[in-house]
Every structure is written in structure tokens, then in C-alpha cells.
Amino acid sequence: MQSFPDTLLNGYRNFMSGRYVDERERYRTLAELGQSPSTLVIACSDSRSAPEIIFDAGPGELFVIRNVANMVPPYEPDSNFHATSAALEFAVLSLKVSDIVVMGHGRCGGIRAALDPNAEPLSPGDFIGRWMALLKPAAEQIQSNDIMTQTERQTALERISIRNSLDNLRSFPEIKAREEEGKLNLHGAWFDISTGELWVMDPATRDFIRPEI
């Protein structure tokens, strides 16, 4: 039997002797009463862009969905398996979150793959390729722009992907209805891994700006 990773066990020891000690009562309350986060964050699976760390959130404060390139697919009520849509359904209809944040980040590997016309599938299933096909029209348009550098193309598609996911969120009837009723707010954000800067999408212009902190 293979041993459990030492790095995880050491991290757990640090957690139990540090953060858990400081927040023991909070964990007990969450265990007894359940969770009631007000914010859902849809983030990338990338190990460098954890929302709980970036937003310095405590236990129970954020409901987080993470997938490749922080994408939301369009509403498709069919017989297939929809992990992201299932988590959205739970967050909106059961937890009744008041805010949804789609947070992308710089140097995203999924976005880089979407921009590479010669990218080879990692497996016969090509799950990543099919998933990133959600951005194919935008990726092809950006890739054909000879004026932009490859870095500029990547940043552009990372931010376009956020807008695309926000549009797809509104294809879910319950989300659209709750937003129109003023019960739910949708937000876009982009995190620069190299500098730690957070850029927030202006809902009116859809431009990304740096908020004052």
C-alpha cells in the first residue's frame, strides 16, 4: 500500500496546530448549522489561483467551483453529466448565494491550449480539447490577429472567456430570473499571478479595471 503524501500530512499537522486552533468554534458551528456562504466563486483548477487564498476567506465564507479555465458551459438540461451546472444549481437554489464571481487568471494553461491550433490531445478522450472548444470561435478570431503578441492574445482570451462565462450563466433560467429580481449579482475578475493584481470587470463597459485597495 502506498503511503499518503508526506507534504499533505505535514500540512494537516500545521493546520491542526495553527488555523484549526484559532477557528475551532467556527468549524463546530459550521458542522452543527451547515454552510451559508453568500458568494460563489467559479475559478480555475490551476494550483496558483486558489480563491480562498486570494480573498483571504475563512471556512464557510466561499462556495467554490473549480474547473479547467474557470468556464461556465451554456444551460443544457439533457441526460449527460454536468458537474459545473450541478454545483451552480446547488449554490443558487439551495444555498441561495447573492453573488457569483467568475475569476480567471494570467498564464492559464487551458487558455494557452485553446490558442494553440497544433495542440495534441493528452488522451484518446481529449476531454480538455472538447471542454476548451467552448472558446473556439473567440480563440480563432484572436489567433488570426497579427498585430497582437502571443502574450497579448492570451490575456485577451482569458478576459473574453470570463465575459463568455457570465453570458452563459444568464442562459440558466433560475440565475437570469434571480438577477433580474435583484436577488443575485454576477461579477467578473481576473487575477495576475505574477504581480498579485486583481482586475474587476465593470458591469457597464465590461472593461477590466483595478479597484482601489
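Residues numbered from 1 in each chain as written. Predicted model: local features only at pLDDT ≥ 70, side-chain atom pairs only at ≥ 80, totals over all residues. Heavy atoms only, no water.

Naming follows an unreviewed UniProt entry, where the protein chain appears as Carbonic anhydrase of Rhizobium dioscoreae. Taken verbatim from the UniProt record of the protein chain, the Function (unreviewed entry) comment is "Reversible hydration of carbon dioxide." What UniProt states about the protein chain under its Catalytic activity (unreviewed entry) heading is, verbatim, "hydrogencarbonate + H(+) = CO2 + H2O". (UniProt positions renumbered as here; feature names shortened; annotations may be inferred.)

Chemist: A description of the environment of glutamate 197 should follow, citing residues and the corresponding values.
Modeler: Structurally, glutamate 197 can be placed in the loop between β4 (185–191) and β5 (198–201). For glutamate 197, a relative accessible area of 24% puts it in the partly exposed group. Separated by 14 residues in sequence, glutamate 197 and proline 211 place their C-alpha atoms 9.5 Å apart. The contacts of glutamate 197, once residues within four sequence positions are left out, are Trp190, Phe191, Asp192 and Arg210. Side-chain polar atoms of glutamate 197 contact the side chain of tryptophan 199, separated by 3.2 Å. (Helix = DSSP H or I, 4+ residues; strand = E, 2+ residues; numbered from the N terminus. Buried < 20%, exposed > 50% of the residue type's maximum accessible area, 1.4 Å probe, protein only. Contact = heavy atoms within 4.5 Å. Polar contact = N/O pair within 3.5 Å; in protein donor to acceptor, adjacent residues only side chain to side chain.)

Chemist: Can you explain the side chain of aspartate 99? Please cite residues and give values.
Modeler: Residue placement: aspartate 99 occurs in strand β3 (residues 99–105). One buried charged residue, aspartate 99, remains without a salt bridge, the closest side chain of opposite sign being arginine 178 at 10 Å. Polar contacts involving the side chain of aspartate 99 include one to the side chain of serine 98, which spans 3.1 Å. Sequence-distant contacts of aspartate 99, defined by excluding residues within four places in its chain, comprise Ser38, Thr39, Leu40, Leu184, Asn185 and His187. (Lys, Arg positive; Asp, Glu negative; His and termini not counted. Salt bridge = Lys/Arg side-chain N within 4 Å of Asp/Glu carboxyl O.)

Chemist: Hey, could you go over the pattern of salt bridges for me, with residue numbers and the actual values?
Modeler: Applying the stated criterion to the full structure yields nine salt bridges. Ionic pairing is found between glutamate 23 and arginine 19, a salt bridge with its closest N-O pair at 2.9 Å. Look at arginine 19 and you get partly exposed, because its relative accessible area is 40%. Linking aspartate 167 and arginine 206 is a salt bridge whose minimum nitrogen-to-oxygen distance equals 3.4 Å. Of this pair, aspartate 167 sits in helix α9 (residues 150–169) while arginine 206 sits in the loop between β5 and β6 (208–209), placing them 39 residues apart in sequence. Taking relative accessible area as the criterion, aspartate 167 reaches 39% and is therefore assigned partly exposed.

Chemist: Give me the layout of surface pockets: which residues, what numbers.
Modeler: Estimates place the volume of the largest pocket at around 530 Å³. Together, 21 residues line the largest pocket, and Ala113, Ala114, Asp116, Ala119 and Gly129 are the ones closest to its centre. Secondary structure elements with two or more residues in the lining of the largest pocket: α6 (109–114), α7 (127–132) and α8 (136–143). (1 Å grid on protein atoms, 1.4 Å probe; cavity = no way out; pocket = protein on both sides within 12 Å on 5 of 7 lines; lining within 4 Å. Points joined across faces, edges and corners; volume = space filled by probe spheres on them.)

Chemist: Let's hear about unusual backbone geometry: which residues, and what values?
Modeler: Here lysine 96, not a glycine, exhibits a phi torsion of approximately 55°, which is positive. Structurally, lysine 96 is set in the loop between α5 (83–94) and β3. Phi is positive for arginine 107, close to 60°, though the residue is something other than glycine. Considering the arrangement of structural elements, one finds arginine 107 in the loop between β3 and α6. Residue arginine 107 is classed as partly exposed on the basis of its relative accessible area of 47%.

Chemist: Run through a nonpolar patch on the surface, naming residues and quoting values.
Modeler: On the surface, a cluster of nonpolar side chains totalling about 280 Å² of accessible area is made up of Phe4, Leu8 and Leu9. Within the secondary structure, phenylalanine 4 is located in the segment before α1 (6–17). By relative accessible area, phenylalanine 4 is classed as exposed at 51%. (Patch = residues over 30% accessible without salt bridge, like charges linked within 9 Å, V, L, I, M, F, W, Y side chains within 5 Å. Areas by Shrake-Rupley, 256 points an atom, 1.4 Å probe, with all protein chains shown as cover.)

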